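Observations on the three-dimensional arrangement
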Amino acid sequence: MTLVWLILIPFLGGLLCWQAERVNEVAPRWLALAAMALELAITLALWWGGDYRLPQVEAGPAWGLEWRVPWIPRFGIEVHLALDGLSLVLIALTSLLGLLAVLCSWREIVGRVGFFHLNLLWILGGVVGVFLAIDLFLFFFFWEMMLVPMYFLIALWGHSGAPGRTRIRAAVKFFIYTQASGLLMLVAILGLVFAQHAHSGEYSFSYAVLRETPLSDGLAMWLMLGFFVAFAVKLPVVPLHGWLPDAHAQAPTAGSVDLAGILLKTAAYGMLRFALPLFPEASQAFAPVAMGLGLVGVVYGALLACGQQDIKRLIAYTSIAHMGFVLIGIYAGTQLALQGVVVMMVAHAFSAAGLFILSGQLYERLHTRDMREMGGLWGRLGSLPAFTLCFAVASLGMPGTANFVGEFMILFGSFPVAPGVVVVASAGLVLAAIYSLLLMQRVHFGAPRGEGDWADLDRREYAMMLGLVALVLLFGLYPQPLLDTTGDAMGAVQRLFAASATLPALAGEVSP
Amino acid sequence: MTPAALLALSPLAIVAATILGVLLGIAWRRQHAATAVVTGVGLGLALSVLPLAWRMAPLATPLLVVDGLALFAMALILVAALACTTLGHAYLEHYRGAREEFYLLLLSAAAGAMVLAMSRHLASLFLGLELLSMPLYGMLAYAYHERRSLEAGIKYLLLSAAASAFLLFGMALLYAQTGQLDLAALTAGLAGRPGGWGLAGAGLMLVGLGFKLSVVPFHLWTPDVYEGGPGPAATFLATASKVAVFVVVLRLVTTAPAFQAEAMGAILAALALASMLVGNLLALRQANLKRLLGYSSIAHFGYLMLVLVVAGDLAVESGGVYLVTYLVTTLSAFGVVTLLSSPHGGEDAAALHHYRGLFWRHPYLAGVLTVSLLSLAGIPFTAGFIGKFYLLALGVEAQRWWLVAGIVLGSAIGLYYYLRVMVTLYLVEPGMRRRDVAVDWGGRAGGVVVAGLALVTILLGVYPAPMIAWVRELSVLAGG
């Protein structure tokens, strides 16, 4: 039942927030904060109390916690929730960033507060649902459902940028990209289900059952591509990234934090949980292409980040670059690389959220996001520039920050599989240093524009930033708890992937 | 006529009796509320005896058949007619002309739709279709002092007459080939080789019925008629009328071999694909909600035609589920438009700018419209998602990849205009509110119906198992 509550708390909390607006403006904020704090507390209690270093059973994945009831018996669809180390870490991340999203919109959002928090909490509820669902229908259900509140968040509370870049356009673009690619995934899911039906005569959307489906190579490749495209749009992988800069730039701060911190991670989670384990052979065959795409993302994201004028668009492009590393790590498929992917996801969530919150705070003070109008802000904004430096340094992967651990593990783990890719990707790290320092230079150093000082961070803002910096350093210096928790989940993925790589080779060898 | 047959046909008899009752009532004394109540009670009674009729099924008379498919369609038609009655009451409240005849026309059209759904003979098919269409001309032109309403009525009359001519010609060709008008005998006559005349006849019948379903390229009337017709009439046209015609086409396709010929399948698939794409593309630039819903219904029937192309067991079930979800969704979408409109204030409030900032004036009404738009777009948590899921499942199972691609592409295009309407509801208004719903809309019957429909939309989306079980039970007996 705990798992059900993890999903229900944000949904019910959202409804309460919506109605609490009748009381006063602040009630929804406190309610939302309480809901996310409760969610985080439950997750941490599960982390503390449970043992996620379960001995791997050969029969299939072992779940820390599981909950299932029939839902649509006609097609064997169940409400089937399960928790393992990977989903636990990501849910903890979701509730933490949810907390930050509520906090950072405390001053920014003034109109329609109740409805705003309804949308915010429903996004988080949908994301938690995605991380918990292992019935493919249910997974798709949450996957698509979380788009609607995100759409409202961007369309109603976003910022309109230059002409032709309105928030509604950005929201529509985001929605259509993700929904259309999601439908491809639905078709792929259905294809898999009917293949299983032809094989066993039973309908089932269960993860465990569908993993056993025998597929011809061609069919497996097509179905895998259906999944991959949906996840690639969300991650985003470079030719399919068109929605991301607009959505990030136009969204309110809380929306950007959720997008960069959590929504992008659902895609990586989907690849780790579904695309690879369901189609290991096809994924193995596709791996060079995927890694190539990841490489393109690393270089392309970094190059475009260097040329941006809008500070939020710059951070958005750095996300593309960082997610390129994640894609390389996932399709390298070694234990080290996969573990690195988890650390990278967590680290990127912290650093990107930190930078987005800081740019939101900057916007509240300067009322612009255009870097051409900034410059020489160091010393005139209190501690804000110093925090920006911390996260910029984290973003470029300085040793001591969690980002360094993640990138290092991904590159190290991928080297035996694809040395060429790693060599070029390492050059991407140099580009990361360039855009991060460019950001610092153009905003906070250089010739000062304009006169006067602005308010220092207040206690709420200071606490948020300090907490994030502490977490970045904590996981940078001691990532072991994270690795222990997700080790088995990643190990299972790695074994499947490795087995599919060696199988054809073994079959080809002539045994003496 | 045996007692069993009498009982099985009692829903139709009750509706017919209500027509007489309303007719006599109007002749005696004009009373708007009482007429609406009598209509509602009659339709409700007919709906409540459906389970009794179900016990007698399957039962066939020379002209009519009472089987699962017919009962299913009748249930949907009666629900739609009931909703239109309550919406009509709200809509006509301040209408200055004669108000009571509207219910007479509505009941007659409902009776026609029921006959059509039960028909197993080309004569009853034609009779039902005309009984459905004739009152609709009157309903569409009901606000005749409005130019657009009159235009809608006459347009529908002319094009409908042309379609009827096609239908009759097709029937004549089939008769020429087989010498039969009974569907079962026709099937036997065409078994083996349909022959050229038989195919041509089937094709012409398809043209006539395709017109009623507004399938591309017979769709040209749809947006104009939807836009011009009074709200409740357009609602009936979009729901009950289309459901009845679709059911009869489904019956034809599943029973008669002439419709299952290779060439016919290819034609149906092409029409389906064209409807999906044309409907969605033309809806993109609409600034009028009723026109937009008209184009979207073209697209939805394009999706639904996948059922006709595949025509298997799962197909009938999918068609049933999709019809239920489409009906509930369309009723609530049109219901909101109708509640916001009234004929005494000029044209219906269908232009998109009327809906700007609706959420901040009438949050619940805007919520209802949001739910129905999301459902039309097929987003999870709404009934529309279950319907779309079924169609995609059907397409994947039958490996009709072109049509599956069409549905995916059409949905992606469709999102754009549904979202455009949806976001309009939430934008801050620039200080204009020309048209408004009566303040206590929630207390009115129409408001309750619309809110209930939105609730059902969400319920079906979250827990569709009972609906699926019900449709399966009824579709078992189909094709009798």
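The name that an unreviewed UniProt entry assigns to chain B is NADH-quinone oxidoreductase subunit N, with the source organism given as Halomonas nitroreducens. UniProt's Subunit (unreviewed entry) comment on chain B is quoted here verbatim: "NDH-1 is composed of 14 different subunits. Subunits NuoA, H, J, K, L, M, N constitute the membrane sector of the complex." Among the UniProt annotations of chain B, the heading Sequence similarities (unreviewed entry) holds the following wording: "Belongs to the complex I subunit 2 family."

As annotated in an unreviewed UniProt entry, chain A carries the name NADH-quinone oxidoreductase subunit M and comes from Halomonas nitroreducens. UniProt's Sequence similarities (unreviewed entry) comment on chain A is quoted here verbatim: "Belongs to the complex I subunit 4 family."

What follows covers the overall build of chain A. Of the regular secondary structure elements, chain A holds 19 helices and two strands. Taken over the C-alpha trace, chain A has a radius of gyration of 22 Å; the compact-globule value for 512 residues is 24 Å, and the two agree within 12%. For the C-alpha atoms alone, the extent of chain A along its principal axes is close to 80 × 55 × 45 Å. Counting over 512 residues, chain A shows a buried share of 60%.

Our focus in this paragraph is the overall build of chain B. The number of helices and strands found in chain B is 21 helices and two strands. Each principal axis of the C-alpha distribution contributes one length, and for chain B these read about 70 × 55 × 40 Å. Considering chain B as a whole, with its 480 residues, one finds that 61% of them fall into the buried category. Residue pairs in contact within chain B that sit at least 24 positions apart in sequence constitute 81% of those at least 6 positions apart.

All names here are of chain A. Their axes nearest at 8 Å, the elements helix α11 (residues 253-278) and helix α14 (residues 335-366) cross at an angle of 165°. Between α11 and α14, the angle falls in the class roughly antiparallel. The way α11 lies across α14 gives a crossing that is right-handed. Between α11 and α14, the contacting residues are Thr253, Ser256, Val257, Ala260, Gly261, Ile262, Lys265 and Ala268 on the first element and Val341, Met345, Ala349, Ala352, Ala353, Phe356, Ile357 and Gly360 on the second.

This part is about helix α15 (residues 313-340) of chain B. Each α-helix turn comprises 3.6 residues. Residues three or four places apart therefore point the same way. With 28 residues, α15 of chain B extends 41 Å between its outermost C-alpha atoms, agreeing within 8% with the 40 Å of an ideal straight helix rising 1.5 Å per residue. Most of α15 of chain B sits inside the fold, with 26 of its 28 residues counted as buried.

This brings us to unusual backbone geometry. Of note, the bond from Leu235 of chain A into Pro236 of chain A is cis; its omega dihedral lies within 30 degrees of zero at -5°. Tracing the backbone through its elements, the reader meets Pro236 of chain A in the loop between α9 (217-234) and α10 (243-250). Phi at His367 of chain A is positive, roughly 60°, even though this residue is not glycine. Take His367 of chain A: it is sitting in the loop between α14 and α15 (384-395). In this model, Gln399 of chain B sits at a positive phi of 60°, which is unusual for a non-glycine residue. Counting through the fold element by element, Gln399 of chain B comes out in the loop between α18 (383-398) and α19 (401-426). A count of 11 C-beta atoms within 10 Å places Gln399 of chain B in the exposed class.

Turning our eyes to something else, we now look at the interface of chain B and chain A. With 20 residues of chain B at the interface, the matching set in chain A holds 24 residues. Counting residues per element, the ones that place at least two in the side of chain B that touches chain A are α18, α19 and α21 (465-476) of chain B. Broken down by element, the residue count for the side of chain B that touches chain A peaks at nine residues, all from α19 of chain B. Of the residues assigned to the side of chain B that touches chain A, the class counts are 18 nonpolar, one polar and one charged.

Core analysis: the largest hydrophobic core is formed by 391 residues, its most contacted members being Val346 of chain A together with Ile77, Ala110, Ala117 and Ala244 of chain B. The element contributing the most residues to this core is helix α5 (residues 68-92) of chain B, with 20 residues. Contact partners of Val346 of chain A, with chain neighbours within four places excluded, come to Val89, Leu93, Ala402, Phe475 and Leu482 of chain A.

This next bit is on the environment of Cys104 of chain A. Residues and elements named next belong to chain A. Take Cys104: it is sitting in helix α3 (residues 85-104). According to the C-beta neighbour criterion, Cys104 is buried, with 26 such atoms within 10 Å. For the pair formed by Cys104 and Trp47, sequence separation is 57 residues and the distance between their alpha carbons is 26 Å. Once residues lying within four places of it in the same chain are set aside, the contact partners of Cys104 are Thr253, Ala254, Val257, Ile357, Gly360 and Met464.

Calculation criteria
- Residues numbered from 1 in each chain as written.
- Chains lettered and ligands numbered in written order.
- Predicted model: local features only at pLDDT ≥ 70, side-chain atom pairs only at ≥ 80, totals over all residues.
- UniProt positions renumbered as here; feature names shortened; annotations may be inferred.
- Helix = DSSP H or I, 4+ residues; strand = E, 2+ residues; numbered from the N terminus.
- Rg over C-alpha atoms; globule rule 2.2 N^0.38 Å.
- Buried ≥ 20, exposed ≤ 12 C-beta atoms within 10 Å, placed from the backbone.
- Contact = placed C-beta atoms within 7 Å.
- Axes fitted to C-alpha atoms, helices over the stretch in contact; angles between N-to-C directions.
- Parallel < 35°, antiparallel > 145°, perpendicular 65-115°, else oblique.
- Left-handed = near helix turned anticlockwise from the far one by under 90°.
- Expected span 1.5 Å × (residues − 1).
- Nonpolar A, V, L, I, M, F, W, Y, C, P; charged D, E, K, R; others polar.
- Core = buried A, V, L, I, M, F, W, Y, C linked by C-beta atoms within 7 Å.

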